[in-house]
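One letter stands for each residue in the lines below.
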Amino acid sequence: MRKAFIIIFAFNSYFINTSYAQKTISLNTASAAGYNLNAFKKIEVINNLPDSTCLGFIPSNVMNDRKYIKPSGAITNWLQDFVNKQFGSNADAKANSLLWVIQDLSLGTDSTQKQVYSFVKLKADIYTGDELNYQMVNTFDSTWIVNGDADFGQMLAQSFIELYKNSIEQSNGTANIRFQQMLAKPAGTKNDIINEVKLSHSYPIVKATKYPRGVYTSFEEFENNTPSIANFYADVNKKNNQVELYQIMADSSSQLIPKAWGISISNELYFYADGQLYPIEKSGNTFYMAKYLEPRTRKNQAFYWRQIIGARQGDTNPYNDAHVLRKTVLTAENVSLEATHLDFDQQDFIY
């Protein structure tokens, strides 16, 4: 299930602390009138976030820069403590125990367009059963959006209440596409599911530290770190300022590559979208737009882009806000948000 809510909620107290280059969020319980919040014997949380130290990004006082959004504690304990306080446990409940595998929890404020949007995106796999045999019943993928700056603590609490509601309803509801794809995955105890989650990060591209030169013509090639076109070059179309990729043929002629997912050159990775190249870099168990990573520790300095693309486009800084990739929020009309990280399920960069 994927949906978006453009609405502001009322909640109990919470607080947000700010410090240099980051905003730290503390979670407190929220009012949930009309919800039965103790229908399960217990609720357990498994963290499978792309990067457990960063929940997203907001604008900073420095032009083209971002602040990190961080939890106020170790992510798994942070989430589990909140879940325990918000939902509690009920040993006499008729329903079994509940387990959530948190696949993505992304927060952010996008101020790079005319309308400022703040959002919370939550994706989780839902399991129910007893502690010896959890079974997956569905997945949940929703986005909450507000105009202007957000009270992220409030929005987060509401997102988990919505996840709880769907955990009850979807156990007897219609499964979504991700759930259907995951049906072959073994269930079992919490530890069994944790081990399965760890295996989900075994993509060759995630484990690699060296990337062979070439063009990835599909996501599968990127995932396996096997670019199929080794000899290539990039150029900029003077008519539309778009980047075009060309294969160098055996007779030294060149041929336009009609479809590309990305490129690797000099151990730098780039995502190709909308006729542009975006530097990307591994962080945690996925890849981020390198623009959003800490400049002092960023490995992808985009030398190829600066020398080739930037020189032709007249802008040698790929990390300024002129180079923001936005993705449409499918369930919110005319709303798009900054894409920051790769979702391996969607095979695309998402907000």
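A.B. asks: Let's hear about the side chain of S106: which residues, and what values?
C.D. replies: Here S106 shows up in strand β7 (residues 97–110). What makes S106 buried here is its relative accessible area of 4%. In this structure S106 touches L55, F119, V120, K121, H341 and Y351, once residues within four positions along its chain are discounted.

A.B. asks: I'd love a proper account of the nonpolar core, names of residues and values included.
C.D. replies: Judged by nonpolar contacts, the single largest core of 39 residues is most densely connected at W78, L79, W100, I102, L105, L107 and F160. Going through the elements one at a time, β4 (43–47), α1 (75–87), β7, β8 (117–130), β9 (133–147) and α2 (152–169) are the ones with two or more residues in this core. With eight residues, α2 is the single largest residue contributor to this core. Among all residues touching W78, those that are not within four sequence positions of it are I25, S26, L27, L55, P71, S72, G73, L105 and L156. Y216, L269, V324 and A339 belong to the second largest nonpolar core, which has 27 residues in total.

A.B. asks: Can you explain unusual backbone geometry? Please cite residues and give values.
C.D. replies: Located in the positive-phi region is N225, a residue other than glycine, with phi close to 55°. Looking at the element boundaries, N225 is found in the loop between α6 (219–223) and β11 (232–236). The backbone of N241 shows a phi angle near 65°, a positive value even though the residue is not glycine. Overall, N241 belongs to the partly exposed group, its relative accessible area being 35%.

A.B. asks: Would you mind going over the pattern of salt bridges in detail, with residue names and values included?
C.D. replies: What the rule picks out here adds up to 10 salt bridges. One salt bridge connects R66 with E338, and the closest N-O pair in it is separated by 2.8 Å. Here R66, found in strand β6 (residues 66–71), pairs with E338, found in strand β19 (residues 336–338); they are 272 residues apart in sequence, far enough to count as distant. We classify R66 as buried; its relative accessible area is 9%. We classify E338 as buried; its relative accessible area is 6%.

A.B. asks: Residues and numbers for α2, please.
C.D. replies: For α2, built from 18 residues, the straight-helix expectation of 26 Å at 1.5 Å per residue is met to within 8% by its first-to-last C-alpha distance of 26 Å. With 15 of its 18 residues buried, α2 lies for the most part within the structure.

A.B. asks: Got a sec to walk through the pairing of strand β12 (residues 243–248)? Specific residues and values, please.
C.D. replies: The pairing of β11 with β12 spans five bridges and is classified as antiparallel. Bridging from a neighbouring strand, F232 pairs with Q247 of β12. With antiparallel pairing between neighbouring strands as the criterion, β11 and β12 make up a hairpin whose turn holds six residues, including N241 at a positive phi of roughly 65°. Note that β12 and strand β13 (residues 254–256) share three bridges and pair antiparallel. Considered in β13, the bridge of Y246 is made with L256. Connecting β12 to the antiparallel partner β13 that follows it, the hairpin turn spans five residues, and S252 within it adopts a positive phi of roughly 75°.

A.B. asks: Explain the environment of A273 to me, and be specific about the residues and the numbers.
C.D. replies: Mapped onto the elements of the fold, A273 is located in strand β15 (residues 268–273). For A273, a relative accessible area of 9% translates into the label buried. Counting along the chain gives 30 residues from A273 to V243, while the straight-line C-alpha distance between them is 9.5 Å. Excluding residues within four positions of it along the chain, A273 makes contact with Y278 and L325.

A.B. asks: A description of the sheet that holds β11 should follow, citing residues and the corresponding values.
C.D. replies: Read across the sheet, three strands follow the order β11-β12-β13 without closing on themselves; strand pairing throughout is antiparallel. Looking at the sheet topology across the chains shown, the edges are occupied by β11 and β13. For this sheet, the mean angle separating the axes of adjacent strands, direction not counted, is 35°. Across the sheet, helix α7 (residues 303–313) touches β11 and β12, and the angle it forms with β11 is around 30°.

A.B. asks: Give me the packing of aromatic side chains: which residues, what numbers.
C.D. replies: Inspection of every chain in the model, using the stated rule, returns 23 aromatic pairs. Between F87 and Y164, the ring centres sit 4.7 Å apart and the planes meet at 5°, which makes this aromatic pair stacked. Placement of the pair is F87 in helix α1 and Y164 in helix α2, with a sequence separation of 77 residues. Here the two residues F87 and Y164 agree in accessibility, since each one is buried.

Parameters at a glance
- Residues numbered from 1 in each chain as written.
- Predicted model: local features only at pLDDT ≥ 70, side-chain atom pairs only at ≥ 80, totals over all residues.
- Heavy atoms only, no water.
- Helix = DSSP H or I, 4+ residues; strand = E, 2+ residues; numbered from the N terminus.
- Buried < 20%, exposed > 50% of the residue type's maximum accessible area, 1.4 Å probe, protein only.
- Contact = heavy atoms within 4.5 Å.
- Core = buried A, V, L, I, M, F, W, Y, C linked by side-chain atoms within 4.5 Å.
- Salt bridge = Lys/Arg side-chain N within 4 Å of Asp/Glu carboxyl O.
- Expected span 1.5 Å × (residues − 1).
- Pairing = 2+ DSSP bridges.
- Axes fitted to C-alpha atoms, helices over the stretch in contact; angles between N-to-C directions.
- Phe/Tyr/Trp six-rings, centres within 6.5 Å; stacked < 30°, edge-to-face > 60°.

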